[in-house]
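Each chain, written out:
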Amino acid sequence: MEAEYLYHYFLRLADTSLTMSQRLAEWCGHGPYLEEDVALTNISLDIMGHANLFYQLAVEISETDVSVDDLAFLRDVDGFRNPLLTELPRGDFAYTMVKQYFVDSYSLLLYRALSESCYQPLADVAKKALTEVQYHHERSHEWLKRLCMSTEEAQQKMQKALDELWFYTSELFESDEGMIYLQKQGIAADMESIREQWHSMVESHLIQCQLILPESGWVATGGLQGEHSEHLGYMLAEMQFLQRAYPGCDW
Amino acid sequence: MPVSATQVESWLEAVKDPEIPVISIKELGILQSVTIKAGQVRIDIIPTYSGCPAMYAIQDDIKAVMEQHHISQFIIHVSRTPVWSTDMISEPGRQKMQAFGIAPPVAKNQDVVCPLCHSTHTTLISQYGSTACKSLYRCQDCLEPFDYFKCHAPVS
Ligand SMILES: [Zn+2]
C-alpha cells in the first residue's frame, strides 16, 4: 500500500513539473526579447530536470518495468496528476509570470519541507531542486514587482492574470488519502502548512505590488484524480506525438 | 597490471565540460570519485543542474577515455548526492574559468569581477545567460558584456 501511495505521490510531483516545463518551453522563440527567451527556456530545462528526478523515484518504487519515458510520453490525460493550474495555456507574458510566481512560491515551500523527508531519495531530490527553485522564485518575484510598478497597461494585464489564475491556486495544496498517510509517516509534506505559508508570503507580495486580491469564488479541482481540462489533451498530443508515432525513438 | 583509481582519475582529466572546454569535470566537481572493486572501475558523477543536457555528452566522453585505455570493466553512476555546489569548483578550475572569459562564482553579497579588466564595477543584465548555470553581466568600466557562473551555496 505504501509503495502505491509513494508511486502516486511521485507522479503528482513529476507531472506538475513536466506540465510547467512544457508550457515554458513553448516560449522558445517567442520571448519578448532575447535574454528573456533564453531565461524562460533555461528555467523550463531546470524544471524538466526536476520532473525527470521525480519520475525516477516513481520508477524505482514501481513493481513493473516502466521507464521514465513511458511515464512522460505514454500515459493518457486521466493518468496525469498535476493540478489544472500548470496545464493552462501559456497566455501572454503577464499570465505566464503570475503563474510562474505562484508555482515557484509553491515549489520553494514544498521542496524546503521535502528536504526534511524521512524518505532519503526524496529528500535528496528536493534539496537539489531547491537550489534551482530559489533562483526561479527570486526572478519571478522580481518580474511581478517590475511589471506591476511600470505602466498602467502592464498593471492591468497583471491584475487580469491574477483574477484569472487565483482560483486555480487552491488545488496546489490538495491532498488525497495516500498523501495524508505519507505525511503521517514523515515522508510527504503537510499541505495545509504549505498552504498557510504560501498565502502569507504571496498575499503580502501581491499587496506590495498594489494588486487587488480577488474575492472568494469558484475553485478549480480535479487534477489529483486525473480529471483535467481540455488543455492537457492538446498539450500531450504535441508533447507525446513523437514517442507514440515512433515508439522507443531515442536521440 | 591492474589499473589504479589514481590512474583512472588522471586519465579523466581529459574529460572537459562541453560548455567550458578548458575545465575538466574533476575541476568542476562533477567527478566525485573513482573506486575499484573486484577489477571493476566505478565512476561516480553528479550533475551541476538537474536538467543539465551536458550529462549525456560527459558520460559518452568518459566511455571514450576508458575505451581508449582498453578498460572494458567499468560503470558510470550518476549519483543524487552530494548535491553539487559551486564550492566544489577547484581553485585551478576557477582560474581557468576566468581566463576563458567567465567570471567565477562569488558569494551573493560580493561583487562580480569582470574577467577582462578585473573591475568590480559590474551590473547584472539577465539572471539567465547562455546556459542555466550562467548569468549575463556587463562591465561598467570596459563596457564588455560577460558570462558569470552563478553561485550555488552548499546544501546541508
Ligand atoms: Zn571590464
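Asker: Hey, could you go over the sheet that holds strand 3 (residues 74–78) of chain B for me, with residue numbers and the actual values?
Answerer: All names here are of chain B. Ordered by their spatial adjacency, three strands build an open sheet running 1-2-3, and the pairing between neighbours is mixed. Across the chains shown, the open sheet's two edge strands, defined by having one partner strand only, are strand 1 (31–37) and strand 3. The mean inter-strand angle of the sheet, taken between neighbouring strand axes irrespective of direction, is 20°. In this sheet, strand 2 (residues 40–45) lies alongside strand 1 in antiparallel orientation, the contact comprising six bridges.

Asker: Could you give an account of the pattern of salt bridges, with specific residues and numbers?
Answerer: In this structure the tally under the stated criterion is 17 salt bridges over all chains. A salt bridge links Arg 90 of chain A to Glu 26 of chain A; the shortest N-O distance between them is 3.8 Å. Of the two residues, Arg 90 of chain A is situated in the loop between helix 3 (68–73) and helix 4 (93–114) and Glu 26 of chain A in the loop between helix 1 (2–25) and helix 2 (34–61); the sequence distance between them amounts to 64 residues. Judged by its relative accessible area of 24%, Arg 90 of chain A falls in the partly exposed class. The salt bridge partner of Arg 80 of chain B is Glu 60 of chain A, with a shortest N-O separation of 2.5 Å. Of this pair, Arg 80 of chain B sits in the loop between strand 3 and helix 4 (91–99) while Glu 60 of chain A is found in helix 2, placing the two residues in two different chains.

Asker: Provide a residue-level description of the coordination of the zinc ion, including the pertinent values.
Answerer: Residues and elements named next belong to chain B. Listed as protein donors to the zinc ion are Cys 114 (SG), Cys 117 (SG), Cys 139 (SG) and Cys 142 (SG); their distances from the metal cover 2.3 Å. Geometry at the zinc ion is tetrahedral, judged from the four donor atoms that bind it and their angles of 104 to 116° at the metal. Mapped onto the polypeptide sequence, the residues donating to the zinc ion form the spacing pattern C-x2-C-x21-C-x2-C. Relative accessible area serves as the criterion here: at 35%, Cys 117 is assigned to the partly exposed category.

Asker: Pulling in residues and values, what's your account of the nonpolar core?
Answerer: With 94 residues, the main nonpolar core has Tyr 9, Tyr 55, Phe 102 and Leu 122 of chain A as its most contacted residues. Take this core: its biggest share by element is 14 residues, from helix 4 of chain A. Look past the residues within four positions of Tyr 55 of chain A in its chain and what remains in contact with it is Leu 11, Ala 14, Asp 15, Leu 18, Val 68, Leu 71, Ala 72, Arg 75 and Phe 80 of chain A. Core analysis: the next-biggest nonpolar cluster, separate from the first, contains 33 residues, Tyr 49, Ile 71, Phe 74 and Phe 149 of chain B among them.

Asker: So what's going on with the packing of helix 1 of chain A against helix 2 of chain A? Which residues, and what values?
Answerer: Residues and elements named next belong to chain A. For the pair helix 1 and helix 2, the least separation of the axes is 8 Å and the interaxial angle reads 160°. When the interaxial angle is binned, helix 1 and helix 2 end up roughly antiparallel. Crossing hand, helix 1 versus helix 2: left-handed. Along the lines of polarity and charge, the residues of the contact of helix 1 with helix 2 split into 21 nonpolar, four polar and one charged.

Asker: Lay out the environment of Gly 93 of chain B with the relevant residues and their values.
Answerer: All names here are of chain B. Within the secondary structure, Gly 93 is located in helix 4. With 69 residues separating them in the primary sequence, Gly 93 and Ser 24 have C-alpha atoms 7.8 Å apart. Leave out the neighbours within four places in its chain, and Gly 93 touches Ile 23 and Glu 27.

Cut-offs used in this document
- Residues numbered from 1 in each chain as written.
- Chains lettered and ligands numbered in written order.
- Predicted model: local features only at pLDDT ≥ 70, side-chain atom pairs only at ≥ 80, totals over all residues.
- Heavy atoms only, no water.
- Pairing = 2+ DSSP bridges.
- Helix = DSSP H or I, 4+ residues; strand = E, 2+ residues; numbered from the N terminus.
- Axes fitted to C-alpha atoms, helices over the stretch in contact; angles between N-to-C directions.
- Salt bridge = Lys/Arg side-chain N within 4 Å of Asp/Glu carboxyl O.
- Buried < 20%, exposed > 50% of the residue type's maximum accessible area, 1.4 Å probe, protein only.
- Donors = N, O, S within 2.8 Å, 3.2 Å for Na, K, Ca; no water.
- Tetrahedral: all angles 85-135°; square planar, octahedral: opposite > 155°, others 65-115°.
- Core = buried A, V, L, I, M, F, W, Y, C linked by side-chain atoms within 4.5 Å.
- Contact = heavy atoms within 4.5 Å.
- Parallel < 35°, antiparallel > 145°, perpendicular 65-115°, else oblique.
- Left-handed = near helix turned anticlockwise from the far one by under 90°.
- Nonpolar A, V, L, I, M, F, W, Y, C, P; charged D, E, K, R; others polar.

Everything listed is a geometric property; what it means functionally is a separate question.
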